[in-house]
Amino acid sequence: MRTIGFIGGMSFESSAVYYRLVNEMVRERLGGLASAELLMHSVNFADMVALQKAGRWSDAAARLGDAAIRLQIGGADCVLICTNTMHLIADDVASHISVPVINIIDETAAALKASGKTRPLLLATRYTMEHGFYTERMDRHGISVIVPQSDDRTIVHDIIFNELCAGTILDSSREKLMAIIERAKAVGADSVILGCTEICLILDPKALPLPGFDTTTIHAQAAVAFALEDEPMRATNAA
């Protein structure tokens, strides 16, 4: 089994989901008491949020690049950045190491294409919805992403940072997210990307007005496929 490396802590709420999912998937595949060979470098999320707010993406890339180096030195055969937002700097992080970085956007695009979906609504942080890196990379795969209107982007962003990253799940917030999905459906969205790794804490992708694609689960599945060497892997690696 290959060793999976996680850059986590952004937030630790979703990193815990990654850990559980990967181990559950390995146990399901191999049976018995099998679990994954993995390493995690968990950063202080408060530091990363401060860099995001200041627009200091190069400093964030250096910080996560150092984490990636540490994981490779520790024996990781691949690296996952356990957050959608920080894939804004995924290529920069990949340039620090020689093992592949499994890209959450590419893996999600593959899942959408396999299901015949090409017009997904993106629910994510403001950085992911507005900086263009996510929609541009999806466009390379022939997928046209729909982002919510400005007021709805604020609602989604605030739910993520003020509630989900703090471990707070509110029914009222779930209702707001469902309403946003309904509005997107009305203008032609054919699916929903849960494009923040915490959104799976509040939305069940199987219980939405449109087919849901949970990026956390998709990313974890790709890691397990790589670790067990049983499927082609779509990686970001600028090294």
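As the structure is a prediction and not an experimental result, all values here were calculated from the model. (Residues numbered from 1 in each chain as written. Predicted model: local features only at pLDDT ≥ 70, side-chain atom pairs only at ≥ 80, totals over all residues. Heavy atoms only, no water.)

On to the overall build of the protein chain, then. Regarding its fold elements, the protein chain presents 10 helices and eight strands. Over its C-alpha atoms the protein chain spans a radius of gyration of 17 Å, differing by no more than 12% from the 18 Å that the globule rule assigns to 239 residues. Once the C-alpha set of the protein chain is aligned to its principal axes, its extents read approximately 45 × 40 × 35 Å. Counting only residues that meet the buried cut, the protein chain has 52% of its 239 residues in that class. Counting contacts in the protein chain only where the partners sit at least 6 residues apart, residues at least 24 apart contribute 76% of the total. When the accessible area of the protein chain is evaluated, it comes to approximately 10100 Å², of which 47% is carbon and sulfur surface. Side chains of the protein chain give 21 positive and 29 negative charges; the mean places of these two sets differ by 2 Å. (Helix = DSSP H or I, 4+ residues; strand = E, 2+ residues; numbered from the N terminus. Rg over C-alpha atoms; globule rule 2.2 N^0.38 Å. Buried < 20%, exposed > 50% of the residue type's maximum accessible area, 1.4 Å probe, protein only. Contact = heavy atoms within 4.5 Å. Areas by Shrake-Rupley, 256 points an atom, 1.4 Å probe, with all protein chains shown as cover. Lys, Arg positive; Asp, Glu negative; His and termini not counted. Charge placed at Lys NZ, Arg CZ, Asp CG, Glu CD.)

Further remarks concern the side chain of N103. Its place among the elements puts N103 in the loop between β4 (101–102) and α5 (104–114). A relative accessible area of 1% means that N103 is categorised as buried. A distance of 3.2 Å separates the side chain of N103 from the backbone nitrogen of D106, its partner in a polar contact. (Polar contact = N/O pair within 3.5 Å; in protein donor to acceptor, adjacent residues only side chain to side chain.)

Across its 14 residues, helix α8 (residues 150–163) extends 19 Å between first and last C-alpha, which sits within 8% of the 20 Å expected from 1.5 Å per residue. Among all positions in α8, only D152, R153, V156, H157, I159, I160, F161 and E163 are buried. The inward-facing, buried residues of α8 contact α2 (45–53), β5 (120–123), α6 (126–130) and α9 (171–186). (Expected span 1.5 Å × (residues − 1).)

Moving on to the packing of α5 against helix α7 (residues 133–140). Where α5 contacts α7, the axes come no closer than 10 Å and their chain directions differ by 50 degrees. Here α7 runs oblique to α5, going by the angle between their axes. Handedness of the crossing formed by α5 with α7: right-handed. Contacts between α5 and α7 involve I105, D106, T108, A109 and L112 on the former and, on the latter, F133, Y134, R137 and M138. When its residues are assigned to classes, the contact of α5 with α7 shows six nonpolar, one polar and two charged. (Axes fitted to C-alpha atoms, helices over the stretch in contact; angles between N-to-C directions. Parallel < 35°, antiparallel > 145°, perpendicular 65-115°, else oblique. Left-handed = near helix turned anticlockwise from the far one by under 90°. Nonpolar A, V, L, I, M, F, W, Y, C, P; charged D, E, K, R; others polar.)

Both the distance between ring centres and the angle between the ring planes are used here to describe each pair of aromatic rings. Tallied over the full model, the rule gives five aromatic pairs. Note on Y127 and F161: the rings are 6.4 Å apart at their centroids and 85 degrees apart in plane angle, and the pair reads as edge-to-face. Linking Y127 in helix α6 with F161 in helix α8, this pair joins segments that are 34 residues apart in sequence. Exposure class is identical for Y127 and F161. Each is buried. Every member of this aromatic cluster is reached through a ring pair, and the members are F45, W57, Y127 and F161. (Phe/Tyr/Trp six-rings, centres within 6.5 Å; stacked < 30°, edge-to-face > 60°.)

Attention now goes to the packing of α8 against α9. As a packed pair, α8 and α9 sit with axes 10 Å apart at the nearest point and diverge in direction by 150 degrees. Judged by the angle between their axes, α8 and α9 are roughly antiparallel. Like other packed secondary-structure pairs, α8 and α9 cross with a definite hand, here left-handed. The residues of α9 that touch α8, namely those facing D152, I155, V156, I159 and E163, are S173, K176, L177, I180 and R183.

This paragraph deals with the side chain of T215. Among the secondary structure elements, T215 is positioned in helix α10 (residues 215–227). According to the relative accessible area criterion, T215 is buried, its value standing at 0%. A polar contact is formed between the side chain of T215 and the side chain of N84, at a distance of 3.0 Å. Not counting residues up to four positions away in its chain, the partners in contact with T215 are N84, I104, T108, Y134, I193, L194, G195, C196 and T197.

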